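Listed below are the residues making up each chain.
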Amino acid sequence: MSQRIIQQQQQEQKQQQRLTQQQMQVVRLVEMPLAEFEDSVRMELDDNPALETSTDPADMADGSDYGDSADYGDSQEDDAVSSEREDREDALEMALAGIGRDDEMPAVFGNTAYQAADNEEMVFGNTTSFYDKLKEQMGELELTDQEQLIMEYLIGSLDGDGYLRKSLDSISDELYIRQYTDISEETIERVLEKLQTFDPAGIGARTLQECLLLQIARKEAEGNDKAALLRCVVADHYQEFIKKHWHKIQDALHLSDAQLESLQAEVRKLNPKPGAALGEAMGRNLQQITPDFIVDTADDGTVTFSLNRGQVPELTVSPSFADMVDTYKNNREGMSRQEKEALLYAKQKVERAQGFIEAIRQRRHTLYITMKAIIDWQRRYFQEGDEAELKPMILKDIADKTGLDISTISRVSNMKYAQTRWGTFPLRHFFSDGMVNQDGEELSTRKVKVALRELIGKEDKKKPMSDEVLTARLKADGYPVARRTVAKYREQMGIPVARLRKG
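If you're wondering where the values come from, they're calculated on a predicted model, not measured in any experiment.

Peer 1: Help me understand the packing of aromatic side chains, please; the structure alone is not making it clear to me.
Peer 2: Each aromatic ring pair is characterised by the separation of its centres together with the angle its planes make. Within this structure, the stated rule accounts for 8 aromatic pairs. Both rings, one in Tyr238 and one in Phe241, keep their centres 6.5 Å apart while their planes meet at 40°; by these two values the pair is tilted. Of the two residues, Tyr238 and Phe241 both sit in helix H12 (residues 238-242), 3 residues apart, roughly one turn of that helix. The exposure class assigned to Phe241 is buried, which follows from its relative accessible area of 0%. A ring pair is formed by Phe382 and Phe430, whose centres lie 5.0 Å apart and whose planes are at 40°; its orientation type is tilted. You can see Phe382 sitting in helix H18 (residues 379-384) and its partner Phe430 sitting in the loop between strand S7 (423-426) and strand S8 (434-436), a full 48 residues away along the chain. Like Phe382, the residue Phe430 is buried in the burial classification.

In structure tokens, the structure reads:
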């Protein structure tokens, strides 16, 4: 049987959208957090002799055309913001961090480095964050392109204490929405396990218990002879541990007073905030976060905000280069080859400088209208500071409100922070999915979590409620959620099942 190879030509018409070089530059600048943006501006100033810092006072004024600040109210308040850092730890972490303040129990966490981190006033400036240190460790692994994408997203999703507060299914959804990549929870879990091997031990934990167990596992690998006992306490007697019921632990494990004291000394070496610990290990300033937005809420409810300019100067095109281009343009006749090359060089540098200045203007405008839309949407939260007031808000909501593309809103909200009266938060903190209650009211998932936490907090500790009972109680209160959703939210908040909550 003979085979023939037939070659055919087929004409197909496709419509493709290609970004110009200028648009790509705007996209890159929009995505950068402030510290990285400052570095980019410095590099451009070094590379392009046609780009200079402006000395014109008019250029340095705050009231530039992109709108650097905004008012939300009748009164005109000063935009200066006094930062208030409030302790927003969950119940379990609060309990553990508070060990040692109870007169009935001896101090457990003697190393107060992580506590000092909360009490210090936040310093803003061009500093290296602990996220950068984690990315350096990521460079030591052999990762596929997909694993690298996931790892970078996980690192960017860690909070200031080094915890991953998001569920893996939420991260899977976000990767699909923001990166157009469909990645399973199992794949994300495998990459997370690699992240949890980074220093310091405990980084990437989803709950306080997991954080401590990761640290204990590191001790076991190092041959610490007390690690097994530590694991027994944290894994099997966690409720007694966080409640500081050391006498119950002592009785259950048949420990002498000396053994109990030695155990507590080992506990003091654990750190419930590994992110803050990394900042301490590298120098206190390394863990600082530079906010991209400064939001202030006055006592009368007026909300104002401004973009943090950081160390970015106003830029202008070098007059000498601009004059050179004009001179050559007006004297083209009789120009030598060398003069034409000089004209081309100067023209390219001037156009590049103009393009960079315009890209910065567009970056500021994009950040401004995005933050304005977020504040408009979440006004009650910025006034009250209560997470239950966070309304359901997704990327599309802000895209529709601003007229920007969803991918642009995603870039703005990624790796950027807003300093508010209630603390400093990543922008994605203000986004959440929603549900509709029996009255047709749209509720944020955070509001459901708050209601769930309150129910568990008020339950009879001798007869804690099962997930089925919690589901029924929530439904009666106007939150129609499924039992598996209740279990998921409970796990995300680090709350154990009913049998482990029995006091």
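Moving on from the coordinates now.
Peer 1: I'm lost on helix H22 (residues 467-476) in this one. Help?
Peer 2: An α-helical turn contains 3.6 residues, so a residue and the one three or four places further along point in the same direction. Among the residues of H22, Asp467, Leu470, Thr471 and Leu474 are the ones counted as buried. In an axial view of H22, the angular spread of the buried residues amounts to 105°, which keeps them on one side of the axis. Looking at the residues trailing H22, positive phi occurs at Gly478, about 100°.

Peer 1: Which parts of the structure should I look at to understand the packing of helix H1 (residues 21-31) against helix H20 (residues 406-413)?
Peer 2: A pair of packed helices is captured by two measures, namely the crossing angle of their axes and the spacing between those axes. Two numbers describe how H1 lies on H20: the axes approach to 7 Å, and their chain directions differ by 40°. One element, H1, and the other, H20, form an angle in the oblique class. In contact with Val27, Val30 and Glu31 of H1, H20 contributes Thr408, Arg411 and Val412. Across the contact of H1 with H20, the residue classes break down as 3 nonpolar, 1 polar and 2 charged.

Reading the values: rules and limits
Residues numbered from 1 in each chain as written. Predicted model: local features only at pLDDT ≥ 70, side-chain atom pairs only at ≥ 80, totals over all residues. Heavy atoms only, no water. Phe/Tyr/Trp six-rings, centres within 6.5 Å; stacked < 30°, edge-to-face > 60°. Helix = DSSP H or I, 4+ residues; strand = E, 2+ residues; numbered from the N terminus. Buried < 20%, exposed > 50% of the residue type's maximum accessible area, 1.4 Å probe, protein only. Arc of directions from axis to C-beta. Axes fitted to C-alpha atoms, helices over the stretch in contact; angles between N-to-C directions. Parallel < 35°, antiparallel > 145°, perpendicular 65-115°, else oblique. Contact = heavy atoms within 4.5 Å. Nonpolar A, V, L, I, M, F, W, Y, C, P; charged D, E, K, R; others polar.

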